[in-house]
Amino acid sequence: MGKRSSRSRRREPVRRPIPPSRLSASADRVTDLTGQHLVDGWPVSEQVRVRLARGADMAAVRRLTTLAGVQLEDEVVSGVDAGVGGAALRSGLDGGRDAFMRHMAEKFAGPQGMDPRRLLPPVTLVLVAEHDQHGVIGAVLAYPPNGVIQQLVEHQRRAGASGQQLFQLVMAGVMWMVRIKAIAVDESMRGNGIGSALLYRCQQVYAHCGYMISYGQMADTPALERFYRRHGFDVLPRDSGFDPWVVLGVHAEIRPDAGERTFVRHQKAGANRRPGRVPAPRRSNRQFDPGTLALHDDHLPVLLMRGSGEFLAIQFLPMLWIKMAEGQRANACIDACAQLRHAYQQFGIRAEIMPVGVVIHHPDGSRTQYATDEPRWHGETTLVGHTILLLPEHDKLVDPTIEQVPEIRALRQGPVIGRLAEQNRHALHDGQTSFAVQRADMLIEYQPVQPEQRDRLLRGSLLARNDAQYRRAAVNLAAMALRAFRDAGAADRIRQSTTFPRLTALLDAIGDAPMDVDEATSDVLIYLPDGPVRLDQVPVPA
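Because the structure is a prediction, the values reported are computed rather than measured.

**Let's talk about the confidence of the model for the chain**
Mean pLDDT over the chain: 84, with 87% of residues reaching 70 or higher. Every residue in residues 1–30 is under pLDDT 50, and counting partners more than four places away or in other chains gives 30 contacts. For residues 269–279, every residue scores under 50 in pLDDT, and the model assigns this stretch 33 contacts once sequence neighbours within four places are set aside.

**Considering the sheet that holds strand β19 (residues 515–517)**
Taken in spatial order, the three strands line up as β19-β20-β21 in an open sheet, and their pairing is antiparallel. Of all strands in the sheet, those bounded by a partner on one side alone are β19 and β21 (531–533). Taken pair by pair, the neighbouring strands of this sheet meet at an average axis angle of 35°, ignoring direction. Bridge count for strand β20 (residues 524–528) against β21 is three bridges, and the pairing is antiparallel. Residue L528 lies in a different strand from β21, and its bridge partner there is G531. Lying on the sheet, helix α20 (residues 467–487) is in contact with β19 and β20; it crosses β19 at an angle near 140°.

**Considerations on unusual backbone geometry**
A positive phi angle, near 65°, is found at D239, a position not held by glycine. The residue D239 is located in the loop between β7 (234–235) and α12 (245–248) in this model. If you check the backbone angles, R412 has positive phi at about 55° while not being a glycine. Summarising the element assignment, R412 is placed in the loop between α16 (406–409) and β16 (416–419). Its relative accessible area of 53% is what places R412 among the exposed residues.

**Description of the packing of aromatic side chains**
Per the stated rule, a full pass over the model turns up nine aromatic pairs. Between F100 and Y211 the ring centres are 5.8 Å apart and the planes differ by 65°, which places this aromatic pair in the edge-to-face class. Placement of the pair is F100 in helix α6 (residues 87–108) and Y211 in the loop between α10 (194–208) and β6 (213–219), with a sequence separation of 111 residues. For the residue pair F100 and Y211, the accessibility class agrees, reading buried in each case. Centre to centre, the rings of Y228 and F233 are 5.8 Å apart; their planes meet at 90°, and the pair counts as edge-to-face. For the pair formed by Y228 and F233, the shared burial category is buried. The structure contains a cluster of three or more aromatic residues connected by ring pairs, namely F227, Y228, F233 and F263.

**A look at the pairing of β16**
The side-chain alternation of β16 yields one buried face, formed by V416 and G418, and one unburied face, formed by I417 and R419. Sheet analysis places strand β15 (residues 396–399) next to β16, joined by four bridges and oriented antiparallel. Counterpart to D399 in the pairing with β16 is V416.

**Thoughts on the sheet that holds β6**
Reading across the sheet, the eight strands line up as β1-β2-β3-β4-β5-β6-β8-β7 and stay open at both edges, with mixed pairing between neighbours. Single-partner strands in this sheet number two, and they are β1 (42–43) and β7. Bridge count between β7 and strand β8 (residues 260–266): two bridges; the pairing is antiparallel. Its bridge partner being in β8, V235 is matched across the sheet by F263.

**Structural notes on helix α4 (residues 58–67)**
Residues M58, A60, V61, L64 and T65 constitute the buried set of α4. The buried residues of α4 occupy one face: seen down the axis, they fall within an arc of 150°. The outward face of α4, more than 90 degrees from its buried face, is lined by the exposed residues A59, T66 and L67. Residues of α4 that are buried sit in contact with α5 (74–81), β3 (125–131), β4 (135–143) and β5 (177–185). Immediately beyond the C-terminal end of α4, within one or two residues, lies G69, with a positive phi of roughly 80°.

**Brief notes about the state of the cysteines**
As enumerated under the stated definition, the model contains zero disulfides in all. C337 carries a free sulfur, and the closest cysteine sulfur to it, the one in C333, is 6.2 Å from it. A relative accessible area of 0% means that C337 is categorised as buried.

**Considering the pairing of β15**
Two faces, one strand: in a regular strand the side chains alternate between the faces of the sheet. Here β15 shows a buried face lined by K396 and V398 and a second buried face lined by L397 and D399. Strand direction decides the pairing type here: strand β14 (residues 386–391) and β15, joined by three bridges, are antiparallel. Bridge pairing in β15 links L390 to L397. Count of turn residues in the β14/β15 antiparallel hairpin: four residues, of which D395 carries a positive phi of about 50°.

**Here we look at the side chain of E403**
Along the polypeptide, E403 turns up in the loop between β15 and α16. The side chain of E403 is buried and forms no salt bridge, while R439, the nearest opposite charge, is found at 4.8 Å. Setting aside anything within four residues of it in sequence, one finds E403 in contact with P290, A294, I408, R409, R412, Q413 and G414.

The rules we used
- Residues numbered from 1 in each chain as written.
- Predicted model: local features only at pLDDT ≥ 70, side-chain atom pairs only at ≥ 80, totals over all residues.
- Heavy atoms only, no water.
- pLDDT = per-residue confidence, 0-100.
- Contact = heavy atoms within 4.5 Å.
- Pairing = 2+ DSSP bridges.
- Helix = DSSP H or I, 4+ residues; strand = E, 2+ residues; numbered from the N terminus.
- Axes fitted to C-alpha atoms, helices over the stretch in contact; angles between N-to-C directions.
- Buried < 20%, exposed > 50% of the residue type's maximum accessible area, 1.4 Å probe, protein only.
- Phe/Tyr/Trp six-rings, centres within 6.5 Å; stacked < 30°, edge-to-face > 60°.
- Arc of directions from axis to C-beta.
- Disulfide = S-S within 2.5 Å.
- Lys, Arg positive; Asp, Glu negative; His and termini not counted.
- Salt bridge = Lys/Arg side-chain N within 4 Å of Asp/Glu carboxyl O.

Structure follows, in structure tokens:
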């Protein structure tokens, strides 16, 4: 057999998608994410560049989005044509979240401050993938979920929400959450990583400007599920939605259209931000005064008088703990959580202590970090950091000592008790992403620690040494709560709920038995027919 020439042995190059790790390799460079780069574009290959769309691109964008089954709105085209499309995002890339906020503040000002026609164009992002020879071959379209926001505003208006509350709802929806409406690539150019590049840059721009949730819906195919999971999204089960309460401050469920599935990503605030260009949270003064524990006089009576069974079971214990500890220093998070964990256990409610960092997001876009997201023990008696409780079976977060933060304490609204959607609870528990709770015009961001660090912290000698004391105090606290439920006539509301069988069983077992504090031991004793017992000694059915 004759020798083949080197040309005959040459093989055609294999085209493979560009992995996300390569696409993001340059993202750490300070110069890689600016408003000018957004306009000029980022290279994907020698011939393809991802950049902000221009007016001349919109015919191609319309063709691509139509192929993807999405209609391109005239308002989006008009915004790009007028040069205002993505203007606030460009400001945010150059000046950080503060510049982004200032740009949007001008749009919110005046009587048209809630008009989506003025609010959406500056935060609408249309990116195109441009080929040197073939022109626009791909596009991604993203903007805040205008339809969802308008429906919620109308619902809240009918429910009697104030103008300020509606304003905050619109502001949060427009500046914290984005929907990825469409990603489309010419069929002849697929398989070259262009869709990945479009999605990556889209995510990077919004994350840099402080957006906390990005989501969309997709056809129910294995290939698309793999695509979005590869880029850090959770693909929810069929016919499932998610609750954006963490951003909007009101409960809702965003569900996909029939036959499609939702993909969603909860972005940790601050991720993907460039060092040196976007200000990090300013540190609180290490000598800031945490104040003393106090509870507004109306909180407990109003809860007893009006609270539902669920509210009473979940919210009463931390409020009562604060009332019993009134006057003590407020930076007592580990003591509060250790005691309340055992008190909830008396009610049959499982609670977990969760070390977290705490960042307060102010209305002007600035942030103050009050507790590190890398907590540690200083010696054996002092925790440098903050702890909260998770109630995983009830999807709740409880922060009994949040009022040690001065600006939160000034509101006099008591402990934080927030609702966690299941995916948020898992992400927080697994150290994947942060969670935020709105309080007035501020956001309280809880930054989780990694599970290994959390486990090391919870093995601290203080917790082990004082566990018996925490348990005993918790039993007495739970007993006082039961007496309050019974004496205020609130026990019947708890019995109406089927969610707390042990709590109901305790109320039935105690009945009208006298309860009093033993002066010798300081224990709350329940005088049953067989003799006085503590709450943890009350016989109840298994």
